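Observations on chain architecture
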Amino acid sequence: MKGVFITGGGGFIAPHLLRALDPSLVVTMHIRDAAKYASAVASEAAHPGIRIITGPLNEEEIAGKIPDDCDTVIHLAGAAHASSTEDMLDSNITTTRNVLQIMERRKIANLVFMSTAAVWSDTSGNRLSESMTTNPQTLYGYAKLSAERLIADSIGRDKIASAVILRCNNTYGPGGFQGAVATFMRRLLDGLPVQIEGDGLQMREPLHVSDVVDVIKRSSVGTQGAHAYCISGPEVVTIIGMAETMAKVLGRKLEIEWKPQNADRARHIIMSTEKAHRELGWTPHTRFEEGCRRYAKALCVR
């Protein structure tokens, strides 16, 4: 990898990734929201020589601003939540289409795409694997799966050479602002009850951002074709177990406000990461309690 174009610079994964990349790598990062530009500029300290570009993520605006030696796109941009169906589809499907058009125009061969475990629905306690049929039950899952199919089509038409698709499960860590871990953390710090749907025994495998960064780096090798991987944390934790662990780490009393089960949420999401280990040499290392301690430290909690 000589040069890389990163989308989603306003999200929480990008700063962690920048700190881990080779300082000699030529990095261009896109951030759509100009209001977040100041925080993106601060990322320059994390990677010397980074070039930050803003504005709409489309071929006309962006293609000419990417250096000639860029050979890889790390596509982090997307949204798990949106104010409307249109915004959800635009953030995940239209954005991916635009990225593929940019890659075709600039002849950028390799893509790393952040997808989601939500391309599947309830596992009923069985481990998901890449060979299982996708069956999303949320709009977000449908949008990400549609983006994956755009990528496969682009490869099938020889517009790009390779794509690594990372189907990540419950990513969390410093800077995170969405998902159960971030929500529980905020409520505990504010002295509010943690809201849990159903019986709290739903199983998850929380994935720390440091493990996400590790697998992204291992994915940037440009193997021909499209390759999807289950990417999940190293241990199964129930939703109530997550809340109990965070309360312990923060030194807060746990109070729970029980909510009805959301029919749109999968009850269990646990995954086999065997393929990622075999083909990428990747294994998740950060156990949930340790990840929460790092999160709390970043928030200056003692």
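Residues numbered from 1 in each chain as written. Predicted model: local features only at pLDDT ≥ 70, side-chain atom pairs only at ≥ 80, totals over all residues. Heavy atoms only, no water.

A tally of helices and strands in the protein chain yields 10 helices and 13 strands. A compact globule built from 302 residues would reach a C-alpha radius of gyration of about 19 Å, and the protein chain, at 19 Å, matches this within 12%. Projected onto its principal axes, the C-alpha positions of the protein chain cover 55 × 40 × 40 Å. Per-residue burial for the protein chain yields a buried fraction of 50% across its 302 residues. A fraction of 79% describes how many contacts in the protein chain between residues 6 or more apart in sequence connect residues 24 or more apart. In the protein chain, 34 side chains carry a positive charge and 33 a negative one; their mean positions are 3 Å apart. (Helix = DSSP H or I, 4+ residues; strand = E, 2+ residues; numbered from the N terminus. Rg over C-alpha atoms; globule rule 2.2 N^0.38 Å. Buried < 20%, exposed > 50% of the residue type's maximum accessible area, 1.4 Å probe, protein only. Contact = heavy atoms within 4.5 Å. Lys, Arg positive; Asp, Glu negative; His and termini not counted. Charge placed at Lys NZ, Arg CZ, Asp CG, Glu CD.)

Read from one edge of the open sheet, seven strands run β3-β2-β1-β4-β5-β6-β11, paired in parallel fashion. Since the sheet does not close on itself, it has two edges, and those belong to β3 (51–54) and β11 (225–231), each with one partner. Recorded for the sheet is a direction-independent mean angle of 20 degrees between the axes of neighbouring strands. Relative to β3, strand β2 (residues 26–31) is paired through four bridges, and the arrangement is parallel. Along β3, the bridge assignment pairs Ile31 with Thr54. Docked against the sheet, helix α5 (residues 139–156) engages β5 (110–116), β6 (162–168) and β11, running at close to 160 degrees with respect to β5. (Pairing = 2+ DSSP bridges. Axes fitted to C-alpha atoms, helices over the stretch in contact; angles between N-to-C directions.)

Another point: the pairing of strand β4 (residues 72–75). Neither face of β4 is open: one carries Thr72 and Ile74, the other Val73 and His75, and all of them are buried. With four bridges connecting them, strand β1 (residues 3–7) and β4 associate as parallel partners. Paired with Val4 across the two strands is Thr72, which belongs to β4. The sheet contact formed by β4 and β5 spans four bridges and is parallel.

It is at 9 Å that the axes of helix α8 (residues 239–250) and helix α10 (residues 288–298) come closest, and there the two elements cross at 45 degrees. Overall, the two elements α8 and α10 adopt an arrangement that is oblique. Seen along the crossing, α8 lies across α10 with a hand that is right-handed. Residues Met242, Thr245, Met246, Lys248, Val249 and Leu250 of α8 touch α10, and the partners they reach there are Phe288, Glu289, Cys292, Arg293 and Ala296. Of the residues in the contact of α8 with α10, the class split is seven nonpolar, one polar and three charged. (Parallel < 35°, antiparallel > 145°, perpendicular 65-115°, else oblique. Left-handed = near helix turned anticlockwise from the far one by under 90°. Nonpolar A, V, L, I, M, F, W, Y, C, P; charged D, E, K, R; others polar.)

It is worth spelling out the packing of aromatic side chains at this point. Following the criterion strictly, the structure yields one aromatic pair and no others. When the ring centre of Trp120 is taken as reference, the NZ or CZ atom of Arg167 above it lies at 4.9 Å. Here the guanidinium or amino end of Lys275 rests over the ring plane of Tyr229, the centre of that ring lying 4.9 Å away. (Phe/Tyr/Trp six-rings, centres within 6.5 Å; stacked < 30°, edge-to-face > 60°. Lys NZ or Arg CZ within 6 Å of the ring centre and 35° of its normal.)

Between its first and last C-alpha, α5 extends 26 Å over 18 residues, near the 26 Å set by a 1.5 Å rise per residue. Every buried residue of α5 is accounted for by Tyr140, Gly141, Ala143, Lys144, Leu145, Ala147, Glu148, Ile151, Ser154 and Ile155. In this structure, the buried residues of α5 make contact with α4 (85–106), β5, β6 and β11. Two residues or fewer past α5, Asp158 is found with a positive phi of approximately 60 degrees. (Expected span 1.5 Å × (residues − 1).)

Another aspect to go through is the state of the cysteines. A complete count under the given rule lists zero disulfides for this structure. Sulfur of Cys168: no disulfide; nearest cysteine sulfur belongs to Cys230 and is 10 Å away. In this structure Cys168 comes out as buried when scored by relative accessible area, which is 6%. (Disulfide = S-S within 2.5 Å.)

Let us now look at the packing of helix α6 (residues 179–189) against α8. Between two packed helices, both the angle of their axes relative to each other and the distance between the axes serve to describe the pair. One way to put it is that α6 packs onto α8 with a least axis distance of 10 Å and a crossing angle of 45 degrees. The angle between α6 and α8 falls in the class oblique. For the pair α6 and α8, the crossing hand works out as right-handed. For the pair α6 and α8, contact is made by Ala180, Val181, Phe184, Met185, Leu188 and Leu189 and by Ile239, Met242, Ala243, Met246, Ala247 and Leu250, respectively. Partitioning the contact of α6 with α8 into residue classes produces 12 nonpolar, no polar and no charged.

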